[in-house]
Amino acid sequence: MKMLSTKKEERLERKKKKLSALATMMEINAAEKSDEPEAKKKKVEMTETPAKLSDEQYKDLKKELARKRSELKNVPVLRLKPIAKKASLEELKNDDRTPLLLDDIQNLLMVSLLKNHSPFTPWRWCHLEKVNKLTQSVVLLVDGINSYEFVSNESLLVKSRDIFETKLEVLLPESDEKKIVEHLACVPLTESYKERLIRAHGTLEAAMGANIDHKLVYKTVFPVHEAPDELKTADEEDTELPEGDKFSRVQLLLSPLQMIDEDYPIPLKGELATRCKNYIMTQDSYLPVTAKSPMFGLDCEMCKVVSGRHEVARVSVVNEQYESVYETLVRPELQIMDYLTPFSGITKEIMDGATKTLKEVQQDLRKILTPDAILVGQSLQFDLHGLNMMHPYIIDTSVIFNISGERQRKSKLQTLAKEFLGEEIQKAYTGHNSIEDSCASLKLAKLKLSHDIYFGDAFLQRKRELANYKSPSALKKETENVNQEPVQQVATTIFSHMAKKKKKSLIVTTANTEVNYEEYFKKAESNNPVQCLQVSTAKKAVSKASEMLIDHEFALTHVKMTENDESVASKMQKVDKFVSKLWKSVALNGLFVVILAGKSNSGVALIQIKNRENCSFNSAVDEEPVDGNTSD
């Protein structure tokens, strides 16, 4: 018994030594993370033999470690994925960066506010762990500083550099603060309107497709210009649809983010620009896409050349009447090594008559396609890469049709044609027929347009079934309430979603901003928890927001830097003060996002979640009177 007792004591002593060493390490880490001057930091050194703990100290230390472990389990953490690191302002030079889109930042705000109810998430570029533990979302939008000015003068952001770990380049609408606000705030999905949207559209995903306008991002990425006044028709897209269409074909377009995810060629700098440096656009400039924009079916057949690459050997384009408007063979620059006949239908005998070069085909397509043309096809990214061309408006049948119920699994065109069109394609032993394939894709798109957004999409159908499920008690209540409120299509804001849960939102702006924030929420709603304030200067806006943050789950402060006799350095120093002041008031486990926008489409997003480790960055800020007469 004595031996057992001795072993037990030895184990306990070993545990005490481990805990003592761990406590020493924690003390060292705390000293290293302190924001005090180096000379004032507490010097802690490891010893070979940690101090011996008494039983009482052992118990206290054990409790403290358990508490810290518990805290760590409840701390939200933002982890960047490789896509975000390619947009890093610290790790990459200007020409090497591939910026994020404004949609990416919008999606981060959506998931921070709507949590698991958000249909769009930022998982493309980051992962937000413990999202349900986020307590607050705070946004500072500064109009007047672009990414170049930020990088060139970042040394002036003394306090901000310590606060933010994530500093990313973001593609923004050039010189248009209202469009930035529209895209950040105008989200057709909020908690307060969730049930109404589901009644109107069946699912939240479908509601987003019906309401969100990707034209802003198209215009940011591609050269899209407004149509001349003589060609404009008031509310054309909303009032008229082509014969046979039940909803707008614009809803079937790939969003810019989807185009990136599906590996479509788009004109973004960085890695994409390097990869697509020899690509050309189908037009020098485009018109905004509408419900009446013409659709063209496109399909290419490939062959394998001596370099090992697959290059275009045949191109087919058909119009909405399934008439061939372009058909040609293409002579690759390099010698053909494999005609891929079982798949392409191309043989040596056929290619002997090919004379067209790829550059000639590119120019032919530029003449055939209209500035608002919609290209329809199955996995068209491969065709566009083969053609070395870029186009903004794409309907991809592998995306709009889904048999498996899983977004990641895609069906072949042959399977879709048999399932939905009752047609057997790609059966000839001589290989595929590009005209047949382009017609099949166009028929599938038109078939879906003649039904609804759910047709042929098992993923959305399953979501709708779950959304439409009603318990017996809910059905009884619905039956009793005959005079229900009429369903309307709504486009609300990320601010309004707190209304149902009585959560508060705050908007503080300066008088020189050109945005009327009352457009983005219903002021007439009873008990509206959205508070919108306008003050005279940026300094006062930040001070007012800092005072009121504690009572609000979401807050947006929008300030516009003055241009008169003010240097970039002066602006940066002011922004540093604004950031530091707001950071002091951000709640623990709160998300803080700063967006800098200037006279170019290259902006900056600074992102940080406040936790106990970085609270020490609350460096002292000179308190200045909100109602004082000091200048901005």
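The preceding data block contains the structure.
Our subject in this report is the structure included herewith. Computed from a predicted model, the values in this text were never measured in an experiment.

Moving on, we get to the overall build of the chain. In terms of helices and strands, the chain carries 24 helices and 18 strands. A total of 632 residues make up the chain; the buried ones form 49% of that total. For the chain, the share of sequence-separated contacts (at least 6 apart) that also reach a separation of at least 24 residues comes to 74%. Of the roughly 31,900 Å² of accessible surface on the chain, a fraction of 50% belongs to carbon and sulfur atoms.

Phi angles above zero are rare outside glycine, and Ser-379 is one such case at about 50 degrees. Turning to its location among the elements, Ser-379 is positioned in the loop between β11 (374-377) and α17 (380-387). The phi torsion at Asn-589 lies on the positive side, around 65 degrees, for a residue other than glycine. For Asn-589, the location among the structural elements is in the loop between α24 (568-585) and β17 (590-597).

Looking now at the pairing of strand β7 (residues 295-305). Among the 11 residues of β7, 10 are classified as buried, and the element is accordingly described as predominantly covered. As defined by bridge partners, β7 adjoins β11 across three bridges and the pair is classed as parallel. Within the sheet, the bridge partner assigned to Phe-296 lies in β11 and is Leu-375. In this sheet, strand β8 (residues 310-318) lies alongside β7 in antiparallel orientation, the contact comprising eight bridges.

On to helix α16 (residues 358-368), then. Along an α-helix, a turn takes 3.6 residues, which lines up residues three or four apart on a common side. Taken together, the buried positions of α16 are Val-361, Gln-362, Asp-364 and Leu-365. With its buried residues spanning 165 degrees around the axis, α16 presents them on a single face. Opposite its buried face, α16 presents the exposed residues Lys-359 and Lys-367, each directed more than 90 degrees away. Elements that come into contact with the buried residues of α16 comprise β6 (280-281), β8, β9 (324-329), α17 and β12 (389-390).

Summed over the entire model, instances satisfying the criterion amount to seven aromatic pairs. With centroids separated by 5.0 Å and ring planes inclined at 50 degrees, the aromatic side chains of Phe-401 and Phe-420 adopt a geometry described as tilted. Taken as a pair, Phe-401 in the loop between α18 (397-400) and α19 (413-421) and Phe-420 in helix α19 lie far apart in primary sequence, 19 residues in all. Summarising the aromatic geometry, the rings of Phe-401 and Phe-455 are spaced 6.4 Å apart at their centres and angled 80 degrees between planes, so their arrangement reads as edge-to-face. A residue pair is termed long-range when its members are at least 10 positions apart, and Phe-401 in the loop between α18 and α19 and Phe-455 in the loop between α20 (434-449) and α21 (458-468) qualify at 54 residues. No difference in accessibility class separates Phe-401 from Phe-455, as the two residues are buried.

Where helix α23 (residues 538-548) contacts α24, the axes come no closer than 9 Å and their chain directions differ by 10 degrees. For the element pair α23 / α24, the angle class is roughly parallel. Between α23, through Ala-538, Lys-539, Val-542, Ser-543, Ala-545 and Ser-546, and α24, the contact on the second element is made entirely by Phe-578, Lys-581, Leu-582 and Ser-585. When the residues that make up the contact of α23 with α24 are grouped by side-chain class, the tally is five nonpolar, three polar and two charged.

A few words on a nonpolar patch on the surface. A cluster of nonpolar residues, Val-306, Leu-334 and Met-337, forms a patch on the protein surface that exposes about 270 Å² of accessible area. Relative to the elements of secondary structure, Met-337 occurs in strand β10 (residues 336-338). By relative accessible area, Met-337 is classed as partly exposed at 48%.

Before going further, it helps to spend a moment on the pairing of strand β5 (residues 166-171). With respect to burial, β5 is a largely interior element, six of its six residues being buried. Here strand β2 (residues 100-101) runs beside β5; their pairing, made up of two bridges, is parallel. Note that in β5 the partner of Leu-100 across the bridge is Val-170. Here β5 runs beside strand β18 (residues 602-609); their pairing, made up of six bridges, is antiparallel. Within β18, the position partnered with Glu-169 by the bridge is Val-604.

On to the nonpolar core. Side chains of nonpolar character tend, in soluble globular proteins, to be buried together. Counting 64 residues, the largest nonpolar core has Phe-222, Val-315, Leu-387 and Ile-395 as its most contacted members. The dominant element in this core, judged by the number of residues it contributes, is α20, at six residues. Leave out the neighbours within four places in its chain, and Ile-395 touches Arg-249, Leu-252, Leu-253, Met-295, Ile-374, Leu-375, Val-376, Gly-377, Leu-380, Ile-400 and Ala-445. Core analysis: the next-biggest nonpolar cluster, separate from the first, contains 35 residues, Cys-126, Ile-595, Ala-605 and Ile-607 among them.

Glancing now at helix α4 (residues 102-114). Under the 1.5 Å per step criterion, the end-to-end length of α4 is 18 Å for 13 residues, consistent within 8% with the ideal 18 Å. Among the 13 residues that make up α4, 13 are buried, leaving the element largely enclosed by the rest of the structure. Once α4 finishes, Lys-115 follows within two positions and takes phi at roughly 55 degrees, a positive value.

Here we come to the sheet that holds strand β14 (residues 505-510). Pairing in this open sheet of eight strands is mixed, and the strands run β2-β5-β18-β17-β4-β16-β14-β15 from one edge to the other. Lying at the two open borders of the sheet, with one neighbouring strand each, are β2 and β15 (530-535). Strand contacts of α23: β14, β15 and β16 (554-560), with the helix running at about 165 degrees to β14, the strand carrying the most contacts.

Turning our attention to the side chain of Asn-107. Position of Asn-107 relative to the elements: it lies in helix α4. Since its relative accessible area comes to 5%, Asn-107 is described here as buried.

Before going further, it helps to spend a moment on the side chain of Thr-537. Locating Thr-537 in the fold gives a position in the loop between β15 and α23. Judged by its relative accessible area of 16%, Thr-537 falls in the buried class. At 3.2 Å, the side chain of Thr-537 and the backbone nitrogen of Lys-540 are in polar contact.

Reading the values: the criteria
- Residues numbered from 1 in each chain as written.
- Predicted model: local features only at pLDDT ≥ 70, side-chain atom pairs only at ≥ 80, totals over all residues.
- Heavy atoms only, no water.
- Helix = DSSP H or I, 4+ residues; strand = E, 2+ residues; numbered from the N terminus.
- Buried < 20%, exposed > 50% of the residue type's maximum accessible area, 1.4 Å probe, protein only.
- Contact = heavy atoms within 4.5 Å.
- Areas by Shrake-Rupley, 256 points an atom, 1.4 Å probe, with all protein chains shown as cover.
- Pairing = 2+ DSSP bridges.
- Arc of directions from axis to C-beta.
- Phe/Tyr/Trp six-rings, centres within 6.5 Å; stacked < 30°, edge-to-face > 60°.
- Axes fitted to C-alpha atoms, helices over the stretch in contact; angles between N-to-C directions.
- Parallel < 35°, antiparallel > 145°, perpendicular 65-115°, else oblique.
- Nonpolar A, V, L, I, M, F, W, Y, C, P; charged D, E, K, R; others polar.
- Patch = residues over 30% accessible without salt bridge, like charges linked within 9 Å, V, L, I, M, F, W, Y side chains within 5 Å.
- Salt bridge = Lys/Arg side-chain N within 4 Å of Asp/Glu carboxyl O.
- Core = buried A, V, L, I, M, F, W, Y, C linked by side-chain atoms within 4.5 Å.
- Expected span 1.5 Å × (residues − 1).
- Polar contact = N/O pair within 3.5 Å; in protein donor to acceptor, adjacent residues only side chain to side chain.

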